[in-house]
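The chain contents come next:
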Amino acid sequence: MAGDVAAQHLTPGPVRAMRGTLLELVAALIVSGVVAVAGLALIDRTSLPAFTTSHVARSLTTVGQVVAVAVIIAAIALLRRDKDSRWGKTLSWAGLSGFATVTLAMPLSATKLYLFGISVDQEFRTQFFTRMTATPRLQDMNYADLPSYYPAGWFWFGGRSADLLGMPGWEMYKPYAIATLALAIVASTVLWSRLVRADLAVVVGLAQGAIALAYGSPEPYGAIVALLLPPVLVLAWSGLRRSAAQSRSGPGATQDPTSHLSLLAAGHPIERAEGRWPAIVGVGIFLGLSATIYTLYTGLAAFTVVLMAATVIILAMRSHVQETGDRRLSAATLRAAVVPLIRLAVITVIACAIALVVWSPYLIAAASKPSEAATAMRYLPESGSALPLPMLHLNLIGILCAIGFLWILTRARNSVRAQAFGVGVVSIYLWSLLSMAFTVIGTTLLGFRLEPVLLLLLGVAGVFGVFDVASWAVRRAQLYQVADVARVRSRQVRVTVIAIGVIAALSFIQGIPRVLATEISTAYSDTDGNGQRADRYAPGAASYFAEVDEAIRTQVATPVSDTVVLTTDFSFLSFNPYLGFQALTSHYANPLGLFNARSAAINDWSKSTDAADLIRQLDASPWRAPQAFVFRTTDDAYTLRLSADVYPNNPNVKLYTVAFPKKLFDSPEFSTENIGPFTVIVRK
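Residues numbered from 1 in each chain as written. Predicted model: local features only at pLDDT ≥ 70, side-chain atom pairs only at ≥ 80, totals over all residues. Heavy atoms only, no water.

Colleague: Which residues make up the overall build of the protein, and what values go with them?
Modeller: When you go through the protein residue by residue, the secondary structure sums to 23 helices and seven strands. Taken over the C-alpha trace, the protein has a radius of gyration of 28 Å; the compact-globule value for 684 residues is 26 Å, and the two agree within 12%. Each principal axis of the C-alpha atoms in the protein carries an extent, and together these give about 95 × 65 × 40 Å. Here the protein, with 684 residues, has 55% of them falling under the buried criterion. Considering only residue pairs separated by 6 or more positions, the protein has 74% of its internal contacts joining residues 24 or more positions apart. Total accessible area on the protein stands at roughly 29300 Å², and carbon and sulfur atoms take up 63% of it. Of note, the protein has its 54 positive side-chain charges centred 14 Å away from the centre of its 42 negative side-chain charges. (Helix = DSSP H or I, 4+ residues; strand = E, 2+ residues; numbered from the N terminus. Rg over C-alpha atoms; globule rule 2.2 N^0.38 Å. Buried < 20%, exposed > 50% of the residue type's maximum accessible area, 1.4 Å probe, protein only. Contact = heavy atoms within 4.5 Å. Areas by Shrake-Rupley, 256 points an atom, 1.4 Å probe, with all protein chains shown as cover. Lys, Arg positive; Asp, Glu negative; His and termini not counted. Charge placed at Lys NZ, Arg CZ, Asp CG, Glu CD.)

This is the structure we're talking about:
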């Protein structure tokens, strides 16, 4: 019963706790949003040379990072004196937001493109963003008359913001990505402040932010989900464990020594897991929202929560056998097993209800429309064929992960956080192994994409480990010393630990642009939607897109966002909200769009006997036929570069050329215009 009393004393009522958390979260998001927007606006007004051709932007990035860290240190000092300090909280939110903003915005200050420019996966992400700027409906990023297959949550809000501000979607992508990453870092810090000391939460927030920016920022919406995963896993484990512990509470009951109730009673002030229904509801809300943003990390989170529930049930049954010696299932044992199952069901209901806001249009359409098998999971790079072991890397992140790994092992018996992280790490490795095993049936689970989450879990655990070691060192310095000497020695140890920590943090933080060197370089070398390269070199073929757009706009009657174009220069669709007849690859395509059937149709069109035959086939198409074609040109043909899935090969995509003889468009029904390397053909 002592555990219950301690919990009631240290933890506010569930409703009041949730209300307080929400109010603080709103305040934190407002402060961080203002700082991020102001920082982006200020940096955008600068006129710096390209990051790839000068070290000026790199120097200013370092200055900004040091200033942000100084603000964060001041906030930590205030919060150590008073955990409820308003100035401490406000400075921590402002410092973390400023750190995230300057770390990404300054290196990208001379380009309008985000990390990786318009290359690789950013091409289809920018296309999705442009689609959500053109319409508030949850439309597919490419195909006409289909709901979105990919979760549109992050893109929808970004597109609506761009539309409100009158900005092109592609141009809004960079500031929106940076701002939302800053908001996510601050939001995770607020969640941590409900689980650990306020000053420690800020340190954890900085560590999480630095790791996410270095290893997850190229995929910003995924990084947002990943940033919130560590505190949410602690909440999930706390809620499930608490129910199991309470189910055995009663006269003569023995409290589970690893439950957070007994930890509170034993005087562990940083194990302040909120528990009960606020935790369960919070986890359900997180899973629902994440399902509207990024399905892979949502799947991992759901898998981990289920694994947690299974672990709680197994431990409850094992505890019953140890206490009673009776291996038969009793009513008490079943009750202990049912409680976490009920809470898991509540999480599921809440998550599904929120997820359906975004997913229901696709699910309804999928129930009645033909589809092809999705190929998004059919990718296996070399990194996906081996387990990630970052704790063995000889660098700062490797050392931090090694400390975190050892901390999880040594604290697993008496720390809710260590237990939650342990289950999270195990689930990542299980997912990775399952991903490798699934290759037998011709697919994967994209296990290699989970490494940023693994780095976050082990990195945050490493921070907790460093704090534990520092606390031990302070206590050791005071051992067997008179009071005055003990104070001096403990102060010396604290100063030494803080100095080492700050130096290590600065070393890692200022190295983030170096980690992102390829991504930043591509943002400068790619041609943007204005037809310019930020590094001032000659632009690529995309510099003609404005003319191509004008040629199509002036000849079709439908709005741009409702005009179907057949092209394989897909960056044209990233900058302009036209509908595409075909997608970049089947891996990014909506299964309802019938990617392979469309490729076959295009191939058939190219084999038409004459213009009349081509027109007949276009009119007979089961999909909305192209109103315009954007080809590359050879001497006697117009060409497209289509793709095909060739998994399990790596690369998993094969490109091939489809050539349309020029005679197929020799008809008054088509107008032809040559623009740079392109030939634009519009059907009248």
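Colleague: Let's hear about the nonpolar core: which residues, and what values?
Modeller: In terms of nonpolar packing, the biggest core is built from 167 residues, with Tyr114, Trp154, Trp192, Phe421, Phe464 and Ile552 touching the most fellow members. Residues in contact with Ile552, not counting those within four places in the same chain, are Thr563, Val565, Phe572, Tyr578, Ala628, Val630, Val680 and Val682. The next biggest cluster of nonpolar side chains, apart from the first, holds 25 residues, and it includes Phe581, Ile602, Ala625 and Leu664. (Core = buried A, V, L, I, M, F, W, Y, C linked by side-chain atoms within 4.5 Å.)

Colleague: Quick one: what's the story with the environment of Val196, residue by residue and with numbers?
Modeller: With respect to the helices, strands and loops of the structure, Val196 is situated in the loop between helix 7 (169–193) and helix 8 (198–215). Considering only alpha carbons, one finds Val196 and Arg417, 221 residues apart in sequence, at a separation of 9.6 Å.

Colleague: Any chance you could break down the packing of aromatic side chains for me, citing the residues and the numbers?
Modeller: Enumeration over the complete set of coordinates arrives at 40 aromatic pairs. Summarising the aromatic geometry, the rings of Phe129 and Tyr176 are spaced 5.6 Å apart at their centres and angled 65° between planes, so their arrangement reads as edge-to-face. With Phe129 in helix 5 (residues 121–134) and Tyr176 in helix 7, the pair connects residues that are 47 residues apart, well separated along the chain. Tyr176 sits in the buried class, given a relative accessible area of 11%. With a centroid separation of 6.3 Å and an interplanar angle of 80°, the aromatic rings of Trp359 and Tyr362 are classed as edge-to-face. Placement of both Trp359 and Tyr362 in helix 13 (residues 331–366) is noted, with a separation of three residues, approximately one turn of the helix. (Phe/Tyr/Trp six-rings, centres within 6.5 Å; stacked < 30°, edge-to-face > 60°.)

Colleague: Describe the environment of Pro626, naming the residues involved and giving the relevant values.
Modeller: Here Pro626 is to be found in the loop between helix 23 (611–619) and strand 3 (628–633). A residue is classified by how much of its surface remains accessible, and Pro626, at 2% relative accessible area, is buried. With 57 residues separating them along the chain, Pro626 and Arg683 place their C-alpha atoms 8.1 Å apart. Aside from chain neighbours lying at most four places away, what touches Pro626 is Val564, Leu566, Phe581, Trp605 and Leu618.

Colleague: An account of the pattern of salt bridges is requested, with residue identities and associated values reported.
Modeller: Applying the stated criterion across every chain yields a total of 20 salt bridges. Among the salt bridges present, the one from Lys112 reaches Glu171, with a minimum N-O distance of 3.3 Å. Residue Lys112 is found in the loop between helix 4 (86–105) and helix 5, and its partner Glu171 is found in helix 7; the two are separated by 59 residues along the sequence. Take Lys112: its relative accessible area is 32%, and that puts it in the partly exposed class. Notably, a salt bridge pairs Asp121 with Arg125, separated by 3.5 Å at the nearest N-O pair. One end of the pair, Asp121, and the other, Arg125, are both in helix 5, four residues apart, so they sit about a helical turn from each other. The pair formed by Asp121 and Arg125 is uniform in burial state, with each residue classed as buried. (Salt bridge = Lys/Arg side-chain N within 4 Å of Asp/Glu carboxyl O.)

Colleague: Can you explain helix 4? Please cite residues and give values.
Modeller: Compared with the 28 Å implied by 1.5 Å per residue over 20 residues, the 28 Å span of helix 4 between its first and last C-alpha is a close match. Of all 20 residues in helix 4, 15 are buried; the element is thus mostly enclosed. (Expected span 1.5 Å × (residues − 1).)

Colleague: Please set out helix 15 (residues 416–437) residue by residue, giving values where relevant.
Modeller: Its 22 residues give helix 15 an end-to-end C-alpha distance of 31 Å, which sits within 8% of 32 Å, the value for a rise of 1.5 Å per residue. A large share of helix 15 lies buried, amounting to 16 of its 22 residues. For helix 15, the N-terminal cap is Ser415; the gap from its side-chain oxygen to the backbone nitrogen of Arg417 is 3.4 Å. (Polar contact = N/O pair within 3.5 Å; in protein donor to acceptor, adjacent residues only side chain to side chain.)

Colleague: Explain the side chain of Asn576 to me, using residue names and the numbers behind them.
Modeller: Here Asn576 is to be found in the loop between helix 21 (571–575) and strand 2 (579–580). Given a relative accessible area of 10%, Asn576 falls into the buried group. In this structure Asn576 touches Thr130, Phe545 and Asp549, once residues within four positions along its chain are discounted.

Colleague: Quick rundown of the confidence of the model for the protein? Include the residues and the values.
Modeller: Per-residue pLDDT for the protein has a mean of 90; in total, 91% of the residues score no lower than 70. Predicted confidence is poor over residues 1–11, with pLDDT under 50, and the contacts of this stretch with residues over four places away or in other chains come to 13 contacts. Across residues 243–275, confidence stays below pLDDT 50; counting only partners more than four residues off in sequence or on other chains, it has 82 contacts. (pLDDT = per-residue confidence, 0-100.)

Colleague: Let's hear about the environment of Asp569: which residues, and what values?
Modeller: On the secondary structure map, Asp569 appears in the loop between strand 1 (564–567) and helix 21. What makes Asp569 buried here is its relative accessible area of 14%. Excluding its chain neighbours within four sequence positions, the residues that come into contact with Asp569 are Phe545, Arg632 and Phe678.

Colleague: How would you sum up the packing of helix 16 (residues 451–478) against helix 17 (residues 483–510)? Please name residues and give values.
Modeller: Their axes nearest at 8 Å, the elements helix 16 and helix 17 cross at an angle of 155°. The orientation of helix 16 relative to helix 17 falls into the category roughly antiparallel. Once helix 16 is placed against helix 17, the crossing between them reads as right-handed. Counting all contacts with helix 16, which are made through Ala470, Ala473, Val474, Ala477 and Gln478, the residues of helix 17 involved are Ala486, Arg489, Ser490, Val493, Arg494 and Val497. Among the residues forming the contact of helix 16 with helix 17, the class breakdown is seven nonpolar, two polar and two charged. (Axes fitted to C-alpha atoms, helices over the stretch in contact; angles between N-to-C directions. Parallel < 35°, antiparallel > 145°, perpendicular 65-115°, else oblique. Left-handed = near helix turned anticlockwise from the far one by under 90°. Nonpolar A, V, L, I, M, F, W, Y, C, P; charged D, E, K, R; others polar.)

Colleague: So, the pairing of strand 6 (residues 670–675): which residues are in play, and what are the values?
Modeller: Pairing analysis gives six bridges linking strand 6 to strand 7 (residues 678–683), with the strands arranged antiparallel. Bridging across to strand 7, Glu673 finds its partner in Val680. The hairpin turn running from strand 6 into strand 7, its antiparallel successor, is two residues long, and Gly676 in that turn takes a positive phi close to 55°. (Pairing = 2+ DSSP bridges.)

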